[in-house]
Amino acid sequence: MIYIGIVDDHQIVIDGLSALLNNQQDISIVCTANNGKEMLDHLAENKIDVLLTDVMMPEMSGLELAELVSIMYPTTKIIALSMNGEGTIIDQLINKASISGYLLKQSNANELVIAIKKIASGGQYFPDSILDALEVHSSKKEIIESAHLTQREIEVINLMEKDFSNKQIADALNIAVRTVETHRKNIFRKTGTNNLLSLVKWAYEHKLFS
């Protein structure tokens, strides 16, 4: 028997997942919760094999919950569920919380069951669309790293995107206007851009803005 827990801030999602999984003879839903703190309380009293967690939740995000669960209950495997297939989020969940699977909420019941069973037996489950998103994210990260942008240059880019003048950037960062001018030249050279519009486009494409 595979014992699972489900956490999502939308009760209708929990009800839907429960309806899908209650038909499985070898899967048992031990506990459900509408937020991360409530799920942690359940985990203190119940042992589960697989935790299904929403990613975007108020108060405590799915990433924060997954990080805590991976530390406090390392034998519990985690499947993140989200409407978002963004590579940055998936990468954070894998590297910070060691999740074993990631499924879009558009996935069908059969795929969910397959993922749960595979992960419960010690495997991992990441659909092709998620692996593709991770590959794109990885390549973008490599481009940013190869550009060798400093943290100060990234700060300058963020202010340039807000249409700050050199004087305003200098005041905001407490540096000289001449230093800002030097940063701008270096930024354009490193990113292979030659004007603000192309720089902002480059920065958005590479998820540089916070």
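As shown above, the structure is provided for reference.
Residues numbered from 1 in each chain as written. Predicted model: local features only at pLDDT ≥ 70, side-chain atom pairs only at ≥ 80, totals over all residues. Heavy atoms only, no water.

Draft legend 1. Broad picture of the sheet that holds strand S5 (residues 101-104). Within the open sheet, the five strands sit side by side as S2-S1-S3-S4-S5. Their pairing is parallel. Strands at the two margins of the open sheet, each flanked by one partner only, are strand S2 (27-33) and S5. Neighbouring strand axes in the sheet, compared pairwise and without regard to direction, differ in orientation by 20° on average. Across the sheet, helix H2 (residues 36-45) lies against strand S1 (2-7), S2 and strand S3 (50-54), angled at about 130° from S2, the strand it touches most. (Pairing = 2+ DSSP bridges. Helix = DSSP H or I, 4+ residues; strand = E, 2+ residues; numbered from the N terminus. Axes fitted to C-alpha atoms, helices over the stretch in contact; angles between N-to-C directions. Contact = heavy atoms within 4.5 Å.)

Draft legend 2. Highlighting a nonpolar patch on the surface. On the surface, a nonpolar cluster with roughly 280 Å² of combined accessible area is contributed by Met 1, Tyr 3 and Val 30. As for its placement among the helices and strands, Met 1 is situated in the segment before S1. Since its relative accessible area comes to 55%, Met 1 is described here as exposed. (Patch = residues over 30% accessible without salt bridge, like charges linked within 9 Å, V, L, I, M, F, W, Y side chains within 5 Å. Areas by Shrake-Rupley, 256 points an atom, 1.4 Å probe, with all protein chains shown as cover. Salt bridge = Lys/Arg side-chain N within 4 Å of Asp/Glu carboxyl O. Buried < 20%, exposed > 50% of the residue type's maximum accessible area, 1.4 Å probe, protein only.)

Draft legend 3. Up close: the nonpolar core. Ranked by size, the top nonpolar core spans 27 residues in total, and within it Leu 65, Leu 93, Ile 99 and Tyr 102 carry the most contacts. Listed by contribution, the elements that provide at least two residues to this core are S2, H2, helix H3 (62-72), strand S4 (77-82), helix H4 (87-97) and helix H6 (128-147). Apart from the residues within four sequence positions on either side, Leu 93 is in contact with Val 55, Gly 62, Leu 63, Ala 66, Ala 80, Ser 98, Ile 99 and Tyr 102. Within the second largest apolar cluster, 21 residues are counted, among which are Val 156, Ile 157, Ala 170 and Leu 199. (Core = buried A, V, L, I, M, F, W, Y, C linked by side-chain atoms within 4.5 Å.)

Just geometry here; none of it tells us what the structure is for.
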